Amino acid sequence: MTQRRTVRSRLERLAREIAKFGAVGAIGCVVNLVVFNLCIHSLHLAVVRSGVIATVVAIGANYIGNRYWTYRDCDRSRRSRELTLFLLFSGVGLVIENGILALSHYGLDLTSPLADNIAKNVVGLGLGTVFRFWSYRTWVFRAIPAREAVETAESFLAEAPERVGARR
């Protein structure tokens, strides 16, 4: 019975994580879509350049959402490492997303606005999102191991009287 609870608990946590990641991703997708189409239709930039700009803006929005909501309970002790890995894996996702767009637009000669949006914001973004979810949860926003969390709490509590005395 306990093993079932453990499996069920893990599945429930994973479902919540996926839902939060999906909500942040949905906002990022809207940002991506709007910026992409503004760059193409208002600023008349090249398709792939517009895609890269849109993806970079969405990456910024997604970092804020994932750091402060989806993965807010994860280890924050190495923020520069986290940001570096986030940008690295987001960059790989950017290449996946905009590589599909470039292949469709320039390789397959599917150059209509609808084809560009499907290639970038459906196929490319879909594949990029799967990669990002795996990489963020595996490498970027890592949970604090239970043993380390207990040791950190015990260390903090043991030093608490010293900290109070140091403030006086």
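Going by the structure above, here's the rest.
Remember, it's a predicted structure, so these values are computed and weren't measured experimentally.

Participant: Describe the overall build of the protein, and please don't skip the residues or the numbers.
Facilitator: When helices and strands are tallied, the protein shows five helices and zero strands. Going residue by residue from the N terminus, the α and β elements of the protein occur as α-α-α-α-α. Taken across its 168 residues, the protein has 31% of its residues classed as buried. Counting contacts in the protein only where the partners sit at least 6 residues apart, residues at least 24 apart contribute 72% of the total. Carbon together with sulfur atoms contributes 66% to the accessible area of the protein, which is approximately 10,700 Å² in total.

Participant: Any details on the nonpolar core? Residues and values, ideally.
Facilitator: Counting residues in each nonpolar core, the largest one holds 13 residues, and the members touching the most others are Phe21, Tyr71, Phe86, Phe89, Tyr136, Val140 and Phe141. Secondary-structure elements contributing two or more residues to this core are helix H2 (47–70), helix H3 (79–107) and helix H4 (113–140). For this core, the element with the highest residue contribution is H3, accounting for four residues. Not counting residues up to four positions away in its chain, the partners in contact with Val140 are Arg81, Glu82, Leu85, Phe86, Phe89 and Ser135. In terms of nonpolar packing, the next biggest core, distinct from the first, is built from eight residues, Val35, Phe36, Ile40 and Ala119 among them.

Rules behind the numbers
- Residues numbered from 1 in each chain as written.
- Predicted model: local features only at pLDDT ≥ 70, side-chain atom pairs only at ≥ 80, totals over all residues.
- Heavy atoms only, no water.
- Helix = DSSP H or I, 4+ residues; strand = E, 2+ residues; numbered from the N terminus.
- Buried < 20%, exposed > 50% of the residue type's maximum accessible area, 1.4 Å probe, protein only.
- Contact = heavy atoms within 4.5 Å.
- Areas by Shrake-Rupley, 256 points an atom, 1.4 Å probe, with all protein chains shown as cover.
- Core = buried A, V, L, I, M, F, W, Y, C linked by side-chain atoms within 4.5 Å.

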